[in-house]
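# Examination of the molecular architecture
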Amino acid sequence: MKYGITETVKTLDSKTKVVDIIYSIVEEKTRAVKYFLEGEEFRETLIFGAYLCGNYMASSLLNDSEKVILVDIYPHLRDIVRNERITFMDINSFNLALRNGRLNPDLVIDLTGLGGVSPEVISHFDPEVLIVENPKGVYDRDIYEVDNSLERLRVGRRRGLLNTYRISRVSKTSGTMTLTIDTVLDACHEIRELEGILYVVPNLRYYEGILFHEKNVRKFMEEINKPAITVSCLDEDIYPEVEKILKRNIERVKSFVEPVDR
Ligand code: SAH
């Protein structure tokens, strides 16, 4: 707790950091994928898209797969991969391996979303299971037109669409960053309704500019490691209520893999 302009007013930072919200969303997405896989074991798992949940999902799937390959068009994302058992490939190494017939995955997961992997690339494979993340959230005609996730789901003996929504709340996409930002903003609005609150600040930045334009992985990690919300209030006893509202909003995020017929 810090004081505000006078000692009558206090400033509180949430204990919940932006990274905590990101983690709980990628855990939820991974839980849904694992539930769909029903404990099946794989020889070779190929995941497209390292950011933001790909890296976490790859680590988790090392328990179910002898080899896990993570592919991304941005070579510098290699630096977010901490687990050395994950094989990271940039798009050049991937294309080379594909041309040389060195890839034969029995599990393929595409997390690249809008503008990501083309259906043609996925059609090179013949996996046991193919899961494509559906990037769509609430109905938005332009986003629905750009999305081609069903066209990517043309191979695989078992196929599934990974969906993520927030219970009773609206988000434009299922992207982990979209859901994180919306969770913080909606929590801020709810917290503001509490009596004794002067104002609520969402401690957010345009994180993707740091990671994809500045290509600064360390700065990105530092920035997401900050308190999600700062509150100006009269009484610090309000603090547990602030955390409770944040937690309730984080728990709204639910994922499930919807089976898709061949
Ligand atoms: N759906 C993810 C976010 C995906 S952002 C989530 O919610 O967490 C898209 C990611 O896929 C980025 O890391 C981007 O660099 C990568 N990507 C985009 N097109 C790709 C392609 N054709 N092949 C491999 N990776 C790609």
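An unreviewed UniProt entry lists the protein chain under the name DUF1188 domain-containing protein, with Methanothermococcus okinawensis as the source organism.

The next point concerns the overall build of the protein chain. Helix and strand content of the protein chain: 10 helices and 11 strands. In terms of overall dimensions, the protein chain is globule-like: its C-alpha atoms have a radius of gyration of 20 Å, near the 18 Å expected for 262 residues. Based on the C-alpha atoms only, the size of the protein chain along its principal axes is roughly 70 × 35 × 35 Å. Among the 262 residues that make up the protein chain, the fraction classed as buried is 52%. For the protein chain, the proportion of contacts with a sequence separation of at least 24, taken over those separated by at least 6, is 69%. Within the protein chain, the 43 negative side-chain charges are centred at a point lying 2 Å from the centre of the 36 positive side-chain charges.

Let's shift gears to helix α2 (residues 54-61). Of all 8 residues making up α2, 6 are buried, and the element is well covered by its neighbours. Those residues of α2 lying buried are G54, N55, M57, A58, S60 and L61. Contact partners of the buried residues in α2: α1 (18-37), β3 (42-48), β4 (65-72), β5 (86-90), β6 (107-110) and β8 (158-166).

Before going further, it helps to examine the packing of aromatic side chains. By the definition in use, this model includes 8 aromatic pairs. Taking the centre distance of 6.2 Å and the plane angle of 35 degrees together, the rings of Y165 and F256 count as tilted. Note that Y165 is positioned in strand β8 and F256 in strand β11 (residues 253-260), a separation of 91 residues in sequence. Over the ring of Y144 we find K136, and its NZ or CZ is 5.3 Å from the ring centre. Sitting over the face of the ring of F36, R158 holds its NZ or CZ atom 4.5 Å from the ring centroid.

Turning next to the pairing of β6. Side chains L107 and I109 of β6 all project onto a buried face; the interleaved residues V108 and D110 project onto the opposite face, where all are buried too. Here β3 runs beside β6; their pairing, made up of 4 bridges, is parallel. Within β6, the residue paired with I47 across the bridge is I109. Across 4 bridges, β6 lies against strand β7 (residues 129-133) in parallel orientation. The residue bridging I109 from the neighbouring strand is I131, located in β7.

With that out of the way, let us pick up the domain arrangement of the protein chain. When cut into domains, the protein chain gives domain 1 (2-19 + 170-253) and domain 2 (22-168 + 255-259). The C-alpha centroid of domain 2 is placed 29 Å from the C-alpha centroid of domain 1. Together, the buried faces of domain 1 and domain 2 total about 2,500 Å²; carbon and sulfur atoms form 63% of this surface. The tally of links from domain 1 across to domain 2 stands at 2 salt bridges. For R166, the salt bridge goes to D186, with nearest N and O atoms at 2.8 Å. At the surface where domain 1 touches domain 2, the tally comes to 16 residue pairs in polar contact (both at pLDDT 80 or more). Counting only elements with at least two residues in the side of domain 1 that touches domain 2, the list comes to α1, α7 (176-192), α8 (207-213) and α9 (217-224). Sorting elements by how many residues they give to the side of domain 1 that touches domain 2 places α7 first, with 7 residues. Here the residues of the side of domain 1 that touches domain 2 are counted per class, giving 13 nonpolar, 7 polar and 6 charged.

Approximately 750 Å³ is the volume attributed to the largest pocket. What lines the largest pocket is a set of 30 residues, and nearest its centre among them are Y51, L111, T112, G113 and L114. Elements represented by at least two residues in the lining of the largest pocket include exactly β4, α7 and α8. Classifying every residue of the lining of the largest pocket by side-chain character gives 15 nonpolar, 11 polar and 4 charged. When we break the lining of the largest pocket down by domain, the ones giving at least three residues each are domain 1 (2-19 + 170-253) and domain 2 (22-168 + 255-259).

Attention now moves to the environment of V260. Tracing the backbone through its elements, the reader meets V260 in strand β11. Each C-alpha atom, one on V260 and one on R141, is 22 Å from the other, the two residues being 119 residues apart in sequence. Those residues within four positions of V260 in sequence are excluded, and the remaining contacts are L150, L153, R159, G160 and L161.

The rules behind these values
- Once a new chain begins, its residue numbering starts again from 1 and follows that chain's sequence as written.
- Local features are withheld for residues below a pLDDT of 70 in this predicted model, meaning they are given only at 70 or higher, and side-chain atom pairs are given and counted only at 80 or more; totals for whole chains, interfaces and linings count all residues.
- Excluded from the side-chain calculation are hydrogens and water; included are all heavy atoms of the structure.
- Only DSSP runs of H or I with at least four residues qualify as helices, and only runs of E with at least two residues qualify as strands; both kinds are numbered from the N terminus onward.
- Each radius of gyration is computed over the set of C-alpha atoms, and the globule rule expresses the reference value as 2.2 Å times the number of residues to the power 0.38.
- Relative accessibility thresholds used throughout: buried, under 20% of the residue-type maximum; exposed, over 50%; partly exposed, between the two (1.4 Å probe, protein chains only).
- Here a residue-residue contact requires only that any non-hydrogen atoms of the pair lie within 4.5 Å.
- Charged-residue counts in this description rest on Lys and Arg as positive and Asp and Glu as negative, His and the chain ends being excluded.
- Note that the charge is assigned to NZ on lysines, CZ on arginines, CG on aspartates and CD on glutamates.
- A pair of aromatic rings is counted whenever rings of Phe, Tyr or Trp (Trp by its six-membered ring) have centres within 6.5 Å, and the orientation is called stacked for planes under 30 degrees apart, edge-to-face for over 60 and tilted otherwise.
- The rule is short: NZ of Lys or CZ of Arg within 6 Å of the ring centre and within 35 degrees of the ring normal puts a charge over the ring.
- One bridge is not enough; two strands pair if DSSP finds at least two bridges between them.
- What marks off one domain from the next here is an automatic or database domain assignment.
- Once two parts are put together, the accessible area they lose, assessed with a 1.4 Å probe and summed over both, is termed the buried area.
- Basic side-chain nitrogens of Lys or Arg form a salt bridge, by our definition, when they fall within 4 Å of a carboxyl oxygen of Asp or Glu.
- Here a polar contact means two N or O atoms within 3.5 Å. Within protein one must be a hydrogen donor candidate and the other an acceptor candidate, and residues neighboring in sequence count only if both atoms are side-chain atoms.
- Note that Gly is not counted as nonpolar here; it falls among the polar residues with everything else outside the nonpolar set of Ala, Val, Leu, Ile, Met, Phe, Trp, Tyr, Cys and Pro and the charged set of Asp, Glu, Lys and Arg.
- The way it works is a 1 Å grid over only the protein atoms, where trapped points that fit a 1.4 Å probe form a cavity and open points with protein on both sides within 12 Å along at least five of seven lines form a pocket, and then any residue with an atom within 4 Å of a point lines it.
- Grid points are joined across faces, edges and corners, and a volume is the space filled by probe spheres set on the points.

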